[in-house]
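# Fold and contact review
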Amino acid sequence: TMEWQGVNTNSEIISESILSNYYTYANLNSTTVHPTIKANAYNKIIYKNIYPNIDIEYVFPKDSVGFKYNIILRKGSDPRLIQMKYSSMDELNLDSYGNIIIKTPFGDIKEHAPKTFDNETNELINSSFILTKKIIGFKLGIYNPEHEIKIDPWVVLSPPAFGYTYFDINYDYNGNVYV
């Protein structure tokens, strides 16, 4: 699991591009006959001001493996605040290409080295991951802090040895769903 560290717990969540499918989850606090929660699916979810003047967008591209997340730096933001902490059971390594390889019991996850752009000039900005123990951050080269900047990594899940077969689905009393 990954957790964003030091975030604004009052950030605004915006969903875009509703999809036709939806998901249902057990509502363990319900006393009704059908204790389920219906959750709509969206193509994009944005966390506004998750850090001061920093947004995080999750996008699920069509016909692609994995998902994208973009980090949008607006005027007055500090990219050094961005920290992703991984669970103690995951092993993280930085490979020679600048990618983060996360070894999990269910297969490897690759966080491709970020591509960072100035959204106003479309110029590429040097950037890389910083790995300290189980925490990933970002290092950016020279950029104009008056412009909106997009940090654009790409996450890919490697198929585990047993393939993409779902063996079980369950939930816990905190509302988490496990496949």
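For the structure itself, look to the data block above.
In this report, we go over the structure that sits alongside the text. Note that residues are indexed from 1 along each chain, following the sequence as it is written. A pLDDT threshold of at least 70 governs which residues receive local features in this predicted model, and a stricter bar of 80 or more applies before side-chain atom pairs are shown or counted, although totals over entire chains, interfaces and linings include all residues. By convention in this description, side-chain values take in all heavy atoms of the structure and omit both hydrogens and water.

## Here we look at a nonpolar patch on the surface
- Surface patches are drawn from residues lacking salt bridges whose relative accessible area is over 30%; two like charges belong together within 9 Å, two nonpolar side chains (Val, Leu, Ile, Met, Phe, Trp, Tyr) within 5 Å. All accessible areas in this document rest on Shrake-Rupley with a 1.4 Å probe, and a residue is counted as covered only by the protein chains that are shown. Any carboxyl oxygen of Asp or Glu that lies within 4 Å of a side-chain nitrogen of Lys or Arg is treated as forming a salt bridge with it. Together, Tyr23, Tyr25, Ile37 and Val177 make up an exposed nonpolar region whose accessible area comes to about 340 Å².
- Summary of the burial criterion: residues with accessible area below 20% of their type's maximum are buried, those above 50% are exposed, and those between are partly exposed, where the area comes from a 1.4 Å probe applied to protein chains only. Here Tyr25 falls in the partly exposed class, since its relative accessible area comes to 32%.

## Examining the side chain of Asn70
- For Asn70, the location among the structural elements is in strand 5 (residues 67-73).
- Using a relative accessible area of 5% as the deciding quantity, one classes Asn70 as buried.
- In this description, contact between two residues means that some pair of their heavy atoms is separated by no more than 4.5 Å. The residues touching Asn70, leaving out its near neighbours within four places in the chain, are Asp55, Ile56, Glu57, Val59, Lys150, Ile151 and Asp152. A run of H or I in DSSP counts as a helix once it spans at least four residues, and a run of E counts as a strand once it spans at least two, with each numbered from the N terminus.

## Regarding the nonpolar core
- By convention a nonpolar core is built from buried Ala, Val, Leu, Ile, Met, Phe, Trp, Tyr and Cys residues, the set being connected through side-chain atoms within 4.5 Å. Ranked by size, the top nonpolar core spans 23 residues in total, and within it Trp4, Tyr69, Ile71, Leu73, Ile82, Met84 and Phe138 carry the most contacts.
- Among the secondary structure elements, those contributing two or more residues to this core are strand 3 (36-51), strand 4 (54-59), strand 5, strand 6 (84-86), strand 8 (100-104), strand 12 (135-140) and strand 13 (149-157).
- If near-sequence neighbours (up to four positions away) are discounted, Leu73 is found in contact with Asn53, Ile54, Pro79, Ile82, Leu140, His147, Glu148, Ile149 and Ile151.

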